[in-house]
Amino acid sequence: MMPESPFLDQCRLTADTRRHFLGWGMGGLGAFFLNAAAAEPNAAKNGASAAALQVQHDPSAPLSPLPPPFAPKVRRVIYLHMGGSPSQLELFDHKPELTKFNGRDCPEVFLKGKRFAFITGVPKLLGSMYPFHQAGQSGSWISDRLPHLEKMIDDMCIIKSMRTDQFNHAPAQLLVQTGDPRLGHASLGSWVTYGLGSENQKLPGFIVMISSSSTTANAGKPLWGSGFLPSVYQGVQCRTAGEPVLYLDNPKGVSRAERRQVLDAVDEINRVTYAEFGNPETVARIAQYEMSFRMQLEASDAMDITREPAHVLARYGAEPGKTSFANNCLVARRLAERGVRFIQLYHWGWDSHGTPVDQGLNVGLVDCCHATDQPTAALLADLKERGLLEDTLIVWGGEFGRTPMQENRGGQEMKYIGRDHHPEAFSMWLAGGGIKSGISHGATDDLGYDVVRDPVEVRDLHATMLYLLGFDSRTLSYPYQGLDQKLTGVKPARIVSEILA
Amino acid sequence: MPSEPRAPGSLSAPLYLLCVALVTGLAIATIMALRPAFAHKVLEMVGLETRQQAASGSFYAVRVAPLFAQHCISCHGENRAKAELRLDSYAFALRGGRHGAVIRPGEPAASELMTRITLPAGDDKAMPPEGKTPLSPDDVTVIRLWIAAGASPTLPPSAIKGAPRLVAEVTFPDSNPAATRRQRAPLASVMQQLSARYPGIIVYESRNSADLELNAALRGMAFTDADLKAFLPLRGRIVLMDLSGTAVSDASAETLAQMTALKTLRLTNTKTGDATVSALASLKSLRSLTVTGTGATKPALASLSQRSVAVHGDGDAD
């Protein structure tokens, strides 16, 4: 028998929390008074006591592929996060009534008891800046800002009734990406790689790319962090200009063989450490070194868009050597083909307050549309041609919506036209496997302020994504701090069955 | 005979019995009043009341009962009946609670239940109370329409017009590890050999399935016609095959034609062409085929498209 490792011993002791003690105690007491057996079926039916899914990776190969518990509709996810939060009222949520009341004072009923990030006093209603029309066979509404994406509208499912409870960027982004507005939780991609491992052992299962080399996320790297999950499941940020992964290449004058020798020595030390303390993070570290070594060849190939023919580059508007959303979209397709499970693209600049010029609905939003419209459409079309859209899920969206009122920061009229943060309603769209295409789901009121039909909470979206990947969000859990942590948290999450094909 | 002297304060036998009967009656009445659900059960048992039961498939059973079950019965059910109100059966719902009936058939506006579920969220009397999942506007409409139509236990869904569409809830199949093991058993040893020889590219579709997916694209040009042939023993189970960017060519046409379980086949950027496409005609399960970057031509693909196989790639060899 293996000698008890001090690390695991400590883990076990810290896991025996007051919660467990009380839980056990109450359960024992309860058994005296209640016919526990009779109460059981009810609990099981409600899913309250659904047993946690067993996810067992070989500690020395924590990314080896695991089949999902249920037949999956999609095998990978490409998540296009539009950081800063695009205005739904300028893109997808058509509100003619709002346009009619443009410039009028916002009705009192919408302001009473509300707190906004910047709006003060009585703001004016602001109609959409851009004309809307119906497009495609489905006749879904879309503005004139997305002429390329419009051609793919029959492949999209637009959710107009998204809701969140966070109105500042960082917590709202964390909620969308990790299921919790606080730091320390595991991101979507980490949950997915934890549950499924990685198809390709020469590439990370979860890759993150950012459109700009200078702007970073408000919430920073925790957006693709592994939180309480083992760190081997965190997202790996890659770049399309320069080395794909910083410090991945061998330093000048070091050959691959020499690198191998160094790794062998380091691995040996780590193995000794593991034998002594038994901390699985040590094995994860060995696995990560080994993956980087394998990645040296594979990653540069996967990220190298110069290997694409000219017509493909043109279709995406990609320019090799640059850092752009277009390049990232093209790389996303290449990664999808190579079995990367979760590909996360971030594009910043949608925070259209109207303060600086690049944050105006009339300027910055236009630039963002210009930078993302063509590549997003190209990505959809390209995946479709390769048959990959059938089992890929594309998710597009920001972290909240924007107000139907014009922002009046400091009670003043502002230089550019903008809208404030709006958690009550926003639009996202999904496309790909298992999704009913060419539909819109949910609706907001005539002014686009509140959701009036089929609200979709962020946790509902998460439960739906996990369902498509073959998981029940109630059972995909990880014990941490005495609680079976779940992506969807402790509140009940609903799989949005209306948008499923 | 002189009557026996009675102890002071004692009662005659009939009077005593009367008292006992009175006290018992009072006790029963009190219990009945405090526990109407119990009272009805007793009355039902002794045949003083007819049992009201909802018909399966009725509007109540299909639309209303699930809402009560989802939102109400944790407090108004068998294990707990706050205010003595239970909503876990039609009969209980109609009988009401401690304060009387909560549903007045045909009169939603006069029904306490309607009043409670339409109070603004912050109200102390609003139901479900704060912290519980509220009923959606559509849910409220369903209940209102049902009460307005007479709160019937039998009326079929089609008889109540204007009800919001019924939304199906997603359920997960029960997993049966033993059955899955049995299904996998015949091919287990082949599967073991092949996964050792080709690690990571042949995997089960899910934990509850014996169906397989072959992702040879991960091997690229190192995966050849001969390699594909090695997977023939699994032909009855491979449902998805991604051969994109591999060295597989038309020489594999015959192999592919035997992959009878195949639903999805991806040939992107391979040296395959019309010979392969024609061979696929025998695959009855095939639903999706990708020929982008292959030599396949439109005429050869036409027959597959007619069979409602989704063909990806335009078939213009380039």
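Please read these numbers as outputs of a predicted model, since none were measured by experiment. (Residues numbered from 1 in each chain as written. Chains lettered and ligands numbered in written order. Predicted model: local features only at pLDDT ≥ 70, side-chain atom pairs only at ≥ 80, totals over all residues.)

Looking at the pairing of strand E4 (residues 156-163) of chain A
Residue and element names in this part refer to chain A.
Alright, step 1. Of all eight residues in E4, seven are buried, a share of seventy percent or more.
Alright, step 2. Here E4 pairs with strand E11 (residues 426-432) via five bridges, running antiparallel. When the bridges of E11 are listed, methionine 156 appears paired with alanine 431.
Alright, step 3. Looking at chain direction, E4 and strand E15 (residues 456-457) are connected through two bridges and run parallel. Paired with arginine 163 across the strands is glutamate 457, a residue of E15. (Buried ≥ 20, exposed ≤ 12 C-beta atoms within 10 Å, placed from the backbone. Helix = DSSP H or I, 4+ residues; strand = E, 2+ residues; numbered from the N terminus. Pairing = 2+ DSSP bridges.)

Quick word on the packing of helix H3 (residues 59-71) of chain B against helix H6 (residues 137-148) of chain B
Residues and elements named next belong to chain B.
Alright, step 1. Relative orientation of the contacting elements H3 and H6 amounts to 135°, with a least axis distance of 10 Å. Compared by their axis directions, H3 and H6 come out oblique. Between H3 and H6 lies a crossing whose hand is left-handed. Residue-level inspection shows Phe59, Tyr60, Arg63, Val64 and Leu67 of H3 in contact with H6, the latter providing Asp139, Val142, Ile143 and Trp146. (Axes fitted to C-alpha atoms, helices over the stretch in contact; angles between N-to-C directions. Parallel < 35°, antiparallel > 145°, perpendicular 65-115°, else oblique. Left-handed = near helix turned anticlockwise from the far one by under 90°. Contact = placed C-beta atoms within 7 Å.)

Description of the domain arrangement of chain B
Alright, step 1. Structurally, chain B comprises domain 1 (17-45), domain 2 (59-159) and domain 3 (177-312).
Alright, step 2. Each of domain 2 of chain B and domain 3 of chain B has a C-alpha centre, and these two points are 53 Å apart. (Domains from an automatic or database assignment.)

Structural notes on the domain arrangement of chain A
It is common to give the size of an interface as the accessible area lost on bringing the parts into contact.
Alright, step 1. Taken as a whole, chain A is organised into domain 1 (6-45) and domain 2 (76-249 + 306-499).
Alright, step 2. Here domain 1 of chain A and domain 2 of chain A have C-alpha centroids that lie 39 Å from each other.

Regarding the packing of helix H9 (residues 256-277) of chain A against helix H10 (residues 280-303) of chain A
Residue and element names in this part refer to chain A.
Alright, step 1. Two elements in contact, H9 and H10, have axes separated by 8 Å at closest approach and are oriented at 165°. The orientation of H9 with respect to H10, classified from their angle, is roughly antiparallel. Regarding H9 and H10, the two cross each other, and that crossing is left-handed. Residues Arg259, Leu263, Val266, Asp267, Asn270, Arg271, Thr273, Tyr274 and Phe277 of H9 pack against Thr282, Val283, Arg285, Ile286, Tyr289 and Phe293 of H10.
Alright, step 2. The residue makeup of the contact of H9 with H10, split by class, is eight nonpolar, three polar and four charged. (Nonpolar A, V, L, I, M, F, W, Y, C, P; charged D, E, K, R; others polar.)

Regarding the interface of chain B and chain A
Alright, step 1. Opposite the 28 residues of chain B that make contact, chain A presents 24 residues.
Alright, step 2. Those elements giving two or more residues to the side of chain B that touches chain A turn out to be strand E1 (202-204), strand E4 (264-266) and strand E5 (288-290) of chain B.
Alright, step 3. A class-by-class count of the residues in the side of chain B that touches chain A yields nine nonpolar, 15 polar and four charged.

Remarks on the sheet that holds strand E2 (residues 212-215) of chain B
All names here are of chain B.
Alright, step 1. Strand order in the open sheet formed by six strands is E1-E2-E3-E4-E5-E6, with mixed pairing between adjacent strands. The open sheet is flanked by E1 and strand E6 (310-312), the only strands paired with a single partner. Strand-to-strand twist of the sheet, defined as the mean angle between neighbouring strand axes without regard to direction, takes the value 15°.
Alright, step 2. Where E5 meets E6, three bridges bridge the pair, whose relative direction is parallel. By the bridge assignment for E6, serine 288 is matched with alanine 310.

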